[in-house]
Amino acid sequence: MTQHFATGDYNASGDGYSAAATGGSGVMSSGPDSVGPGNDVTAEDLAGIFANRTPFLTAVLGAGIPYCTQWTQVNHVYFQLANTFFFLSYLAPNGLYGILYLRCTLLVGCAFFALWGWTVLCSFDAFLWNANFVAINFIHVCVLLYRLRPIKFTREVEEVYQALFRPLKVTRHQFKKVLDCMKMIRQLKYQEVYAQEKVTKVDSLSLVLSGKLVVSQNGRALHIVFPHQFLDSPEWFGVSTDEYFQVSVTAMEESRILLWHRDKLKLSIITDQFLQAVFDHILGRDVVKKLMQVSETMTAANSQNGHLANGLDDAEDKPMLIVKKSGDGPGITALINRQLQANDPNAWRLGRIEETDHETPV
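Right, let's walk through the structure included here. (Residues numbered from 1 in each chain as written. Predicted model: local features only at pLDDT ≥ 70, side-chain atom pairs only at ≥ 80, totals over all residues. Heavy atoms only, no water.)

## Section: the environment of R103
Line of reasoning, step 1. Along the chain, R103 falls in helix α4 (residues 96-119).
Line of reasoning, step 2. Given a relative accessible area of 23%, R103 falls into the partly exposed group.
Line of reasoning, step 3. Measuring from C-alpha to C-alpha, the distance between R103 and L144 comes to 9.3 Å, with 41 residues separating the pair along the chain.
Line of reasoning, step 4. Contacts of R103, omitting those with residues within four sequence positions, involve N137, H140, V141 and L144.
Line of reasoning, step 5. A distance of 3.1 Å separates the side chain of R103 from the side chain of N137, its partner in a polar contact. (Helix = DSSP H or I, 4+ residues; strand = E, 2+ residues; numbered from the N terminus. Buried < 20%, exposed > 50% of the residue type's maximum accessible area, 1.4 Å probe, protein only. Contact = heavy atoms within 4.5 Å. Polar contact = N/O pair within 3.5 Å; in protein donor to acceptor, adjacent residues only side chain to side chain.)

## Looking at the pattern of salt bridges
Line of reasoning, step 1. Counted under the stated rule, the structure contains seven salt bridges.
Line of reasoning, step 2. The salt bridge partner of R186 is E192, with a shortest N-O separation of 3.5 Å.
Line of reasoning, step 3. Taking relative accessible area as the criterion, E192 reaches 25% and is therefore assigned partly exposed. (Salt bridge = Lys/Arg side-chain N within 4 Å of Asp/Glu carboxyl O.)

## Regarding the sheet that holds strand β8 (residues 213-217)
Line of reasoning, step 1. Spatial strand order, β6-β10-β8-β9: four strands in an open sheet with antiparallel pairing. For this open sheet the edge positions go to β6 (193-195) and β9 (220-225), each flanked by a neighbour on one side alone. Going across the sheet, the axis of each strand differs from the next one's by a mean of 30°, ignoring polarity.
Line of reasoning, step 2. Pairing geometry for β6 and strand β10 (residues 248-251), over two bridges, is antiparallel. Looking at β10, one finds that V193 is bridged to T250. (Pairing = 2+ DSSP bridges. Axes fitted to C-alpha atoms, helices over the stretch in contact; angles between N-to-C directions.)

## Digging into α4
Turn by turn, an α-helix covers 3.6 residues, leaving residues three or four places apart pointing in a common direction.
Line of reasoning, step 1. The end-to-end C-alpha distance of α4, which contains 24 residues, comes to 35 Å, matching closely the 34 Å that a straight helix rising 1.5 Å per residue would cover.
Line of reasoning, step 2. If you check which residues of α4 are buried, you get G98, L100, T105, L107, G109, C110, F113, A114, W116 and G117.
Line of reasoning, step 3. Tucked inside the fold, the buried residues of α4 contact α3 (77-89) and α5 (124-147). (Expected span 1.5 Å × (residues − 1).)

## What about the packing of aromatic side chains?
Line of reasoning, step 1. Going through the model one piece at a time under the given rule, you end up with 17 aromatic pairs.
Line of reasoning, step 2. A centroid spacing of 4.8 Å and a plane angle of 45° characterise the contact between F165 and F175, whose relative ring orientation is tilted. In this pair, F165 sits in helix α6 (residues 155-165) while F175 sits in helix α7 (residues 172-179), placing the two residues 10 residues apart along the sequence.
Line of reasoning, step 3. Among the aromatic residues, those joined into a cluster by ring pairs are F153, Y161, F165, F175, F230, W236, W260 and F279.
Line of reasoning, step 4. One residue, R149, lies across the ring of Y146, its end atom 4.2 Å from the ring centre.
Line of reasoning, step 5. The residue whose ring lies beneath K266 is W236, and the NZ or CZ to ring-centre distance is 4.8 Å. (Phe/Tyr/Trp six-rings, centres within 6.5 Å; stacked < 30°, edge-to-face > 60°. Lys NZ or Arg CZ within 6 Å of the ring centre and 35° of its normal.)

Quick look at the structure:
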């Protein structure tokens, strides 16, 4: 059997086979005349075998290898622009803005490909496929732009976001989710009672936007609540909405309070561990500040105006600390006034809280 490597034709010839290159020079056979250990191979034989290497490879592999012998002209400018935008799409960064960039570049690239298929290639299927890709990417771009839309708050709410939530890396969209649980913004007049002990239910979370309020219990002042502080942060931890305030809260001046639906807020952030941690941190810090103010008040009252009960049995029936009214002298009123950061000479004074004529239990 003889094989011509140049043409790939196979011919039976005796007991062996031969391969001939184009032109007939250089024959390899397995018969007596085959090239082998006992035969000399001339340079003409090798030159004939490798004279045309592409047909040789074609014959060896048993299948034709497509290759270009002549390049066509460069494609239309629409084709080039489409691939330019596809190239730019591969440079998209991570994050939400990176996805928006990716969708925009894909949209423009597919639009140029659709235009190229319609006006240059005159292929309706190429135009139709790329037109569908344009529509899909356009929808994605609209959704992303809606998610990235600027969120604006009122001046008071913006101050709350900047003071409490932004330092903890809460995004405006996350804060908007929290703000959607808002019940109302309540306006309090001078000396208006916001909560009365053992009467008002704990069904809200209240944040002071402006003004000042005093927290008292059994007629004694405990501490002052300033703007951007919570009125009921201690009740956030372990107190249900069907329980009542154990303190009274009274406005010391015209104030504005932001109220959240307590249960709705908890349900809203229960699936977001980050927001849960943020609220626990903010409210826990607020509770610590209140405890420090109460401790300072009690310490000052104890050292200046009171005396301790003599025994534990007496302490069960009698107040542990008696604060006597001392007119304009120092005492708990002066201490609370210092908490007001007495820069305002017209600040409301705790002396206006109703007290007994001679002594007030603390």
